[in-house]
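For reference, the chains in residue letters:
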Amino acid sequence: MKVGVFADTHIGRCIPRAIGELRRKAYRHAFTQAVNVFIEEDVDCLIHAGDVFEKRSMAPEDSVFVKEELQRLADSIHDKQGKDVMMFAVRGNHDGAPESNALDYIKHPLAKYLKIVGDDILQGKEEVQVHDGLCLVGVAYHPYISRKFADIKPIIKESLAKTGGLKLLVTHNFIEGHHQIPPGVPEHSFLTVRDFDDLEADIVIAGHYHTRKEPADEDGTVLLTPGATEAVDLSDEGPFGVYIVEGKGSIRFVPF
């Protein structure tokens, strides 16, 4: 099982306005580069850890672009390897709210390879994805994630115990102890590394933090932050890219 991981693609971002159209093209170009890597790597599964789009009210051509790129990925791998790739995405804060989710625009009844995950579990419902040796639980963005995570942790633990294989938890929130929490972010708005104690997750994949972090082992759980695929602020330093995961002990960064 080879898993492609990225996050914070922010399709549609056009800040600063003075070079807005160039910035919009840069984010699309980065997304295309990510898909190219995943095709070259022949991934079996794709995970996006949130903020696919810059805002809920994106331009129609932005949603069409993402749908076409994901379709290109699915078609290319099927043509090359004769296999069907599965794709999972969680809602980030820029993607909107559960009742008005920008990711709804990239779903299609014929695109059964794409699943949007992570909102049902915030409502206390079991939501687990089991696919070809992989067990995945998603947790979408929540402004009061510290309190909410404490409530749903028993459900997450039970869900991850459903099957063997690689156990992944995908979230779109800051993690204290792994990320440098930005000034002014209230305590109720981020998780801590201790929140993952006793979950028995092999890997926690975290979006929301735009700077890539090297994989870090915390008491047997690997924390993985892919960072953004393009500089969100012009001062952000690269390299930017994606991660390829072939198991808990095989995680490598592929730069653009």
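Everything discussed here concerns the structure shown above.
Residues numbered from 1 in each chain as written. Predicted model: local features only at pLDDT ≥ 70, side-chain atom pairs only at ≥ 80, totals over all residues. Heavy atoms only, no water.

### Side note on a nonpolar patch on the surface
Note the cut-off: The patches described consist of residues with a relative accessible area above 30% and no salt bridge, like charges being joined within 9 Å and nonpolar side chains (Val, Leu, Ile, Met, Phe, Trp, Tyr) within 5 Å. Exposure was quantified through the Shrake-Rupley algorithm and a 1.4 Å probe, taking into account, for residues, occlusion by the shown protein chains and nothing else. Salt bridges are identified by distance alone: a Lys or Arg side-chain nitrogen within 4 Å of an Asp or Glu carboxyl oxygen. Put simply, DSSP marks the helices as runs of H or I at least four residues long and the strands as runs of E at least two long, and each gets a number from the N terminus on. The cut-offs for exposure are 20% and 50% of the maximum accessible area for each residue type, with area from a 1.4 Å probe on protein chains only; residues under the lower value are buried, those over the upper are exposed, and the others partly exposed.
Among the surface-exposed residues, Ile 19, Leu 22 and Leu 234 lie close enough to one another that they form a single nonpolar patch of about 300 Å² accessible area. Its location among the elements puts Leu 234 in the loop between strand 14 (221-225) and strand 15 (241-247). Of the residues examined, Leu 234 reaches a relative accessible area of 55% and is grouped as exposed.

### Focus on the side chain of Arg 91
Worth spelling out the cut-off: We define a polar contact as two N or O atoms separated by no more than 3.5 Å, with the added condition that, inside protein, one atom must be a possible hydrogen donor and the other a possible acceptor, whereas residues neighbouring each other in sequence contribute only through side-chain atom pairs.
When you line up the elements, Arg 91 lands in the loop between strand 3 (86-90) and strand 4 (96-97). Arg 91 sits in the buried class, given a relative accessible area of 3%. For Arg 91, the side chain forms a polar contact with the side chain of Asp 119, separated by 2.7 Å. Reaching out from Arg 91, the side chain makes a polar contact with the backbone oxygen of Tyr 141 at a distance of 2.9 Å.

### Let's talk about the nonpolar core
Applied cut-off: Here, nonpolar core refers to any group of buried Ala, Val, Leu, Ile, Met, Phe, Trp, Tyr and Cys residues whose side-chain atoms link them within 4.5 Å. We call two residues contacting when some pair of their heavy atoms lies within 4.5 Å.
Core analysis: the largest hydrophobic core is formed by 34 residues, its most contacted members being Phe 31, Phe 38, Phe 53, Val 66, Leu 70, Leu 73 and Met 87. Elements with a contribution of two residues or more to this core: helix 1 (20-41), helix 2 (60-81), strand 3 and strand 15. The element best represented in this core is helix 1, accounting for seven residues. With near-sequence residues (within four places) excluded, Phe 53 lies in contact with His 10, Ile 11, Met 58, Asp 62, Ser 63, Val 66, His 94, Asp 95, Ala 102, Leu 103 and Ile 106.

### Some remarks on the pairing of strand 15
As a reminder, the rule being used: For two strands to count as paired, DSSP must find a minimum of two bridges between them.
Within strand 15, six of the seven residues are buried, which leaves it mostly tucked inside the rest of the structure. Summarising the sheet, strand 1 (residues 3-6) and strand 15 pair through three bridges and their orientation is antiparallel. Residue pairing across strands places Val 3 opposite Val 245, the latter belonging to strand 15. Sheet topology note: the strand 15/strand 16 (residues 250-255) ladder contains six bridges and is antiparallel. For Ile 244, the partnering residue across the bridge sits in strand 16 and is Arg 252.

### Describing empty space enclosed by the protein
Inclusion rule: Cavity: a set of points on a 1 Å grid over the protein atoms alone where a 1.4 Å probe fits but cannot get out. Pocket: an open set with protein on both sides within 12 Å along at least five of seven lines, its lining residues, like those of a cavity, having an atom within 4 Å of a point. Grid points are joined across faces, edges and corners, and a volume is the space filled by probe spheres set on the points. In this classification, the charged set is Asp, Glu, Lys and Arg, the nonpolar set is Ala, Val, Leu, Ile, Met, Phe, Trp, Tyr, Cys and Pro, and all remaining amino acids, among them Gly, are polar.
Applying the stated rule across the entire model yields one cavity of 30 Å³ or more. Empty space within the largest cavity amounts to approximately 80 Å³. Every residue along the wall of the largest cavity is listed here: Phe 6, Phe 31, Leu 46, His 48, Val 52, Leu 70, Met 87, Phe 88, Ala 89, Ile 106 and Leu 114. Looking at the lining of the largest cavity, the elements with two or more residues in it are strand 2 (45-48) and strand 3. No other element matches the three residues that strand 3 contributes to the lining of the largest cavity. When grouped by side-chain class, the residues that make up the lining of the largest cavity number 10 nonpolar, one polar and no charged.

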